[in-house]
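Residues per chain are reported as follows:
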Amino acid sequence: MPRVRVRRRSWARVLAPAILILAWLAAAAFGGPLFGKVSEVSSNDQTSYLPSSADATTVQDLLGEFNDSDAIPAIVVFVGDAELDEDQLAAIDDAIAAAGDVEGVADEVSPGIPSDDGHAVQAFIPISSEADLGDTVAALDEELQSATPSGASVYVTGPAGFSADLVAGFAGIDGLLLGVALLAVFLILILVYRSLLLPIVVLSTSLFALCVALLVVWWLAKWEILLLSGQTQGILFILVIGAATDYSLLFVARFREELRSTQDKGAAIAAAWKGSIEPIAASGGTVIAGLLCLLLSDLKSNSTLGPVASIGIVFAMLSALTLLPALLFVFGRAVFWPRRPKFEPEAVHDETGVATTGLWARLARGIKRRPRLIWITTTLVLVAGAAGITQLDATGVPQSDLVLGASPARDGQVALGEHFPGGSGSPVYVVVAEDSLQDAADILLDDDGIDSVAVTAQDSPSGTANVTADGVAAVGPPGTPAPDPTVVDGEVMLQGTLTDAADSEAAAETVRELRVQLDELDALVGGVTATSVDTNDASIHDRNLIIPIILAVILVILMMLLRSILAPVLLILTTVLSFGTAMGVSALVFNGVFDFPGADPAVPLYGFVFLVALGIDYNIFLMTRVREETLKHGTREGVLRGLSVTGGVITSAGLVLAATFAALSVIPILFLVQLAFIVAFGVLLDTFVVRSLLVPALAYDLGPAIWWPSKLTRAQGSSTRRNRSSRAL
């Protein structure tokens, strides 16, 4: 009977890892092919991420009812080296007519509209919402370039042009971003472990987690349960790779530690799992809690990131706690080749579980000698760095500056502004009651920021009719009656052409002023500029609301985890200080080195979410081990032992996470490049300064008081005396 039990236990030891590996392989096989299909279920349209209550959202929904079309307008601008002659104008008319035959271009391409100075011609070309925007704009540009007469240049700009630039900017997100992130992590792991097999095992764990997370997220987006954008996709990729690798490093460190005192690999894995599950679960749970606070956001781009990224963290934890142990069981000590850990229980006993040599042992001894000097000096340096946050301009950036590097749409907007009103093709839409049409038009005409006013009129050949102080103007030869405005549910839609570029601060100010003046008419103001204004306002609201809530949630989690009040409060304060320093230094770099035009209001919010949630991870890794050591050796000795034991793995994890977020900078989108720098720099700061110096020195200086009001505060004296007595024996 005992032999049967032993045999069954042996089979279970082999069968369980095999089942886990096969299950992950099967799930990854379904998720892997979806990497190239994310664009099918994602959208980068700003309006779709606004709250449904926003004016711009309401107007965007009504736009299709007034125009009977949801096409995306492209503005084509032809610019001559000199004043355009008749032959050039004729060739431009032919080019515009031919553009209507490009696949994806909708009907009703406008005729060419010459500029007053005779140097340029513009035309409005609608792009079907069903078409692939990037491919259609590229094909349109190719057709126009080939048909443009010599002595003239052509640009495709407007909403369709800028959207196409964004599509091109996100084009490398499936391959380039993932490849750079994985390569960076692989090289770091090789340097850390001096092994080839272990980095492959750890990266396989991370990649499988990403495949399964993508499988779930893709179908949720397909079923329209979640909204997905290129920005969210990039963050998901980086977050899963970084978090799964970090959790794997923690598990591997525990496994290696156990192999020195345990001969059997199965027992070592079980002990490593027992020692890792609490910090990994606490770390992942803290990140998820912080991310889910984004559900309180008005902006759907923020609120959808919460569940999307949380799904990624869940699978990162699951892969580190299931797939990785299974793979390590298969390879055993060989996974560390050529530096396999030796079975040396005597050496472990002599070290009392902590190495007495090496960088972290020396740092622990330095903290022991001068704890107060270290934490005060470190705090002052961090405060000085945080002062730079006053230079951070996070009030929003023009749409034309969202893409870094070359931007055909931005060049076209510059050309458009030189020869036409800056807001041509991206008007302010005003939805107002039919009987208030003239009152609203008069307000628009009196505003210096509006060049001209028109009303949507399906009876007009162009679909609109100009509105003057005398009313709706006739379209056609003398004697032609004025067309009737299109009326939908008793309302009409006015279009005001902005004198400034639609994404400029001046245009935004015009929209704000118009909303105030039109409020008495119960009018709704929408359009590209209004969408940007509403997005920035909602983003600032989210930032001010969510940051304090995240802090409160994480504080409660830390209190439950560490069974203390003082320690969690101090950890939160150090993490916030680290975040402030990261933002301050980033502001100086953005302004002085990169000369960025500003930052989106969501940049500080995203930076806070990731730096605080991920930064607190390392404090959790450190302080859970410190608490574990404190129970055996007392607080001050526990701090030194915890730092010595976790120093290497947390530093490696910090390098990995910083490298993965830095990989976001390969995507030429301003928001992602700024987020990449903030998080990468912040993680390194937290890893090498806050967690290595500030927190241990502060905890050592406070001693048992740091656990207030738990029993550890009062039990230190007897624990320390017992420990000294046992060592004396």
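The structure we're discussing is the one just above.
Residues numbered from 1 in each chain as written. Predicted model: local features only at pLDDT ≥ 70, side-chain atom pairs only at ≥ 80, totals over all residues. Heavy atoms only, no water.

### A look at the packing of helix α9 (residues 265-292) against helix α11 (residues 305-331)
Packing of α9 against α11 brings their axes to within 10 Å, and their N-to-C directions diverge by 175 degrees. As far as their axial angle goes, α11 and α9 are roughly antiparallel. (Axes fitted to C-alpha atoms, helices over the stretch in contact; angles between N-to-C directions. Helix = DSSP H or I, 4+ residues; strand = E, 2+ residues; numbered from the N terminus. Parallel < 35°, antiparallel > 145°, perpendicular 65-115°, else oblique.)

### A look at a positive patch on the surface
Together, Arg362, Arg365, Arg369 and Arg370 make up a region of like positive charge exposed at the surface. Note on placement: arginine 369 falls in helix α13 (residues 359-369). (Patch = residues over 30% accessible without salt bridge, like charges linked within 9 Å, V, L, I, M, F, W, Y side chains within 5 Å. Areas by Shrake-Rupley, 256 points an atom, 1.4 Å probe, with all protein chains shown as cover. Salt bridge = Lys/Arg side-chain N within 4 Å of Asp/Glu carboxyl O. Lys, Arg positive; Asp, Glu negative; His and termini not counted. Charge placed at Lys NZ, Arg CZ, Asp CG, Glu CD.)

### Observations concerning the sheet that holds strand β5 (residues 428-433)
Reading across from one edge, β8-β7-β6-β9-β5-β10 is the order of the 6 strands in this open sheet, with antiparallel pairing throughout. With partners counted over all chains shown, the strands left at the sheet margins are β8 (471-472) and β10 (524-526), one partner each. Two elements, β5 and strand β9 (residues 491-498), share 6 bridges in a ladder whose sense is antiparallel. Bridge assignment links valine 428 to a residue of β9, and that residue is glycine 496. Where helix α16 (residues 437-446) meets the sheet, it contacts β5, β6 (450-456), β7 (464-468), β8 and β9, and its direction lies at approximately 75 degrees from that of β7. (Pairing = 2+ DSSP bridges. Contact = heavy atoms within 4.5 Å.)

### Regarding empty space enclosed by the protein
In this structure the tally under the stated criterion is 4 cavities of 30 Å³ or more. Put simply, the largest cavity is a space of about 100 Å³. Lining the largest cavity are 14 residues, with Gly158, Phe162, Gln413, Ser426 and Ala502 sitting closest to its centre. Among the elements of the structure, α5 (158-169) and α15 (408-419) are those that each provide at least two residues to the lining of the largest cavity. The leading source of residues in the lining of the largest cavity is α5, at 3 residues. In terms of residue class, the lining of the largest cavity is made up of 6 nonpolar, 7 polar and 1 charged. (1 Å grid on protein atoms, 1.4 Å probe; cavity = no way out; pocket = protein on both sides within 12 Å on 5 of 7 lines; lining within 4 Å. Points joined across faces, edges and corners; volume = space filled by probe spheres on them. Nonpolar A, V, L, I, M, F, W, Y, C, P; charged D, E, K, R; others polar.)

### Things to note about the pattern of salt bridges
According to the stated counting rule, one finds 7 salt bridges in the structure shown. Glutamate 629 serves as the salt-bridge partner of arginine 625, at 3.1 Å between the closest nitrogen and oxygen. Taken together, the positions of arginine 625 and glutamate 629, both in helix α20 (residues 602-633) and 4 residues apart, correspond to about one turn of that helix. Its relative accessible area of 5% is what places glutamate 629 among the buried residues. Within the structure, one salt-bridge network assembled from shared partners comprises Glu257, Arg625, Glu629 and Arg641. (Buried < 20%, exposed > 50% of the residue type's maximum accessible area, 1.4 Å probe, protein only.)

### Structural notes on the sheet that holds strand β1 (residues 72-80)
Strand-to-strand pairing in sheets goes through backbone hydrogen bonds, with the strands running parallel or antiparallel. With respect to topology, 4 strands assemble into an open sheet ordered β2-β3-β1-β4, the strand pairing being antiparallel. Both edges of this open sheet fall to β2 (113-114) and β4 (152-157), since each of them pairs with a single strand only. In the sheet, β1 pairs with strand β3 (residues 120-127) via 8 bridges, with the strands oriented antiparallel. Bridging from a neighbouring strand, phenylalanine 78 pairs with valine 121 of β3. Relative to the sheet, helix α3 (residues 86-99) contacts β1, β3 and β4, its axis offset from that of β3 by approximately 5 degrees. Against the sheet, α5 engages β1, β3 and β4, with an angle of about 95 degrees to β1.

### Regarding a negative patch on the surface
Residues Glu434, Asp435, Asp439, Asp459, Asp484, Asp519, Glu520 and Asp522 make up a contiguous surface patch of negative charge. Within the secondary structure, aspartate 439 sits in helix α16. For aspartate 439, a relative accessible area of 43% translates into the label partly exposed.

### Some remarks on the packing of aromatic side chains
For the structure on display, the rule yields 14 aromatic pairs. With a centroid separation of 5.4 Å and 65 degrees between ring planes, the pair formed by phenylalanine 35 and phenylalanine 237 is classed as edge-to-face. Placement of the pair is phenylalanine 35 in the loop between α1 (2-31) and α2 (55-67) and phenylalanine 237 in helix α8 (residues 230-259), with a sequence separation of 202 residues. Each of the two residues, phenylalanine 35 as well as phenylalanine 237, counts as buried. Taking 5.0 Å as the distance between ring centres and 80 degrees as the angle between the ring planes, the aromatic pair formed by tryptophan 218 and tryptophan 219 counts as edge-to-face. The class for tryptophan 219 is partly exposed, based on a relative accessible area of 35%. A network of ring pairs unites the aromatic residues Phe590, Phe594, Phe596, Phe677 and Phe681 as a single cluster. Geometry around tyrosine 700 places arginine 636 over its ring, the cationic atom sitting 5.7 Å from the centre. (Phe/Tyr/Trp six-rings, centres within 6.5 Å; stacked < 30°, edge-to-face > 60°. Lys NZ or Arg CZ within 6 Å of the ring centre and 35° of its normal.)

### Things to note about the packing of helix α19 (residues 566-592) against helix α22 (residues 670-702)
The geometry of α19 relative to α22 is characterised by a closest axis approach of 8 Å and an angle of 145 degrees between their N-to-C directions. Pair α19 / α22 crosses with right-handed handedness. Facing Leu566, Leu570, Leu571, Thr574, Ser578, Thr581, Ala582, Met583, Val585, Ser586, Val589 and Phe590 of α19, the residues of α22 in contact are Gln674, Phe677, Ile678, Phe681, Gly682, Leu685, Asp686, Val690, Leu694, Val695, Leu698 and Leu702. (Left-handed = near helix turned anticlockwise from the far one by under 90°.)

### A few points about the pairing of β3
Within β3, 7 of the 8 residues are buried, which leaves the element mostly enclosed by the surrounding structure. Here 2 bridges tie β2 to β3, and the two strands are oriented antiparallel to one another. Pairing of proline 114 across the sheet is with valine 121, part of β3. Count of turn residues in the β2/β3 antiparallel hairpin: 5 residues, of which glycine 118 carries a positive phi of about 75 degrees.

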